[in-house]
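What follows is the residue order along each chain.
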Amino acid sequence: MSELPTRVIIARRIARELKDGFTVNLGIGMPTLCANYIPEGVEVLLQSENGLLGIGPYPFEGEEDPDLINAGKETVTELPGASYFSSADSFAMIRGGHIDLTVLGSMEVDEHGSLANWMIPGKMMKGMGGAMDLVAGAKRVIVAMEHATKEGKPKILKNCSLPLTGVEVVDTIVTELCVIDVSDQGLILKEVRPGVTIDQVQSSTEARLIIPGEVKAMEF
């Protein structure tokens, strides 16, 4: 079993999905870590809802620019050729279908590819953010999340119980245990982390997983 932190495992695996020339939006939280693990030789344009195209890795300590932040209000760096624009222009890019891939965190995903990531009823919320636009406008949606809650309850369900962000919009789910593709038939287990069995993944998943003839080892 790897000793890498859970969030790093997920971010590194998702970074392998970024293809040369892609325009990518990384959601708040864990997805933003993907910017640190983009494969060598792959050039992507990272876009942020607050109006920045061409985001670089997180800055080193002492080199932060407080005026240069992402949608999660974290300090970031910019790559040569980066551009700034209004939130209106940013969402025009998203709603116009110009984002090749978005990576979003989620509290729940179900076997139909619906996700819930914007609120828990009864708890304080800052706002819905741009996730509803991203799942509707991006060409591909990847969910980055831990496989279970801190209490050990499944987060990949038969049906979401929380208010939905989008219905049947998720293409791929990446957790610290596995990679799952969403299909018309259901959830297909594509990769399993070395040292983890298929039975362990299924026992941590409420939805039934479709097991193909070959399940690859998860590389990160």
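Now for a look at the structure at hand. (Residues numbered from 1 in each chain as written. Predicted model: local features only at pLDDT ≥ 70, side-chain atom pairs only at ≥ 80, totals over all residues. Heavy atoms only, no water.)

## Looking at the pattern of salt bridges
Following the criterion strictly, the structure yields six salt bridges and no others. We note a salt bridge from lysine 139 to aspartate 100, for which the minimum N-O separation is 3.3 Å. Linking lysine 139 in the loop between α3 (131-137) and β8 (141-144) with aspartate 100 in the loop between α2 (87-95) and β5 (101-105), this pair joins segments that are 39 residues apart in sequence. Connected via shared salt-bridge partners are Arg13, Glu17, Arg140 and Glu191. (Salt bridge = Lys/Arg side-chain N within 4 Å of Asp/Glu carboxyl O. Helix = DSSP H or I, 4+ residues; strand = E, 2+ residues; numbered from the N terminus.)

## As for the nonpolar core
Residues Val170, Ile173, Ile180, Leu187 and Val201 are the most contacted members of the largest nonpolar core, which totals 28 residues. Of all the secondary structure elements, the ones that give two or more residues to this core are α2, α3, β8, β11 (178-182) and β12 (187-192). Here valine 170 is in contact with Val109, Gly113, Leu115, Val141, Val143 and Val182, once residues within four sequence places are set aside. In terms of nonpolar packing, the next biggest core, distinct from the first, is built from 24 residues, Ile10, Met30, Val179 and Met218 among them. (Core = buried A, V, L, I, M, F, W, Y, C linked by side-chain atoms within 4.5 Å. Buried < 20%, exposed > 50% of the residue type's maximum accessible area, 1.4 Å probe, protein only. Contact = heavy atoms within 4.5 Å.)

## Details of the side chain of glutamate 191
Counting through the fold element by element, glutamate 191 comes out in strand β12. Within polar-contact distance, the side chain of glutamate 191 engages the side chain of arginine 13 at 2.8 Å. Once residues within four sequence positions are removed from consideration, glutamate 191 is found in contact with Arg13, Leu177, Cys178, Val179, Val215, Lys216, Ala217, Met218 and Glu219. (Polar contact = N/O pair within 3.5 Å; in protein donor to acceptor, adjacent residues only side chain to side chain.)

## Observations concerning α2
All buried positions along α2 are accounted for by Ser90, Phe91 and Ile94. For α2, the arc enclosing every buried residue in end-on projection is 90 degrees, short of the 170-degree limit, so these residues lie on one face. Looking at the packing, one finds that the buried side of α2 touches β1 (23-26), β2 (45-48) and α3. Positive backbone phi, approximately 80 degrees, marks glycine 97, located one or two places after α2. (Arc of directions from axis to C-beta.)

## Here we look at the pairing of β5
Here β5 lies mainly inside the structure; four of its five residues are buried. By the bridge criterion, three bridges tie β1 to β5 in an arrangement that is parallel. Looking at the pairing, valine 24 lines up with leucine 101 of β5. Pairing of β5 with β8, which is carried by four bridges, proceeds in the parallel orientation. Bridging from a neighbouring strand, valine 103 pairs with isoleucine 142 of β8. (Pairing = 2+ DSSP bridges.)

## Examining unusual backbone geometry
In most cases, non-glycine residues show a negative phi, while peptide bonds are predominantly trans. Its identity as a non-glycine residue notwithstanding, lysine 73 has a phi of 65 degrees, on the positive side. You can see lysine 73 is positioned in the loop between β3 (52-55) and β4 (78-84). Positive phi outside glycine occurs at glutamate 168, with the angle close to 55 degrees. The residue glutamate 168 is located in the loop between β9 (156-157) and β10 (172-174) in this model.

## What to know about the pairing of β1
Of the two faces of β1, the one holding Thr23 and Asn25 and the one holding Val24 and Leu26 are both buried throughout. Where β1 and β2 come together, three bridges link them in parallel fashion. Counterpart to valine 24 in the pairing with β2 is leucine 46.

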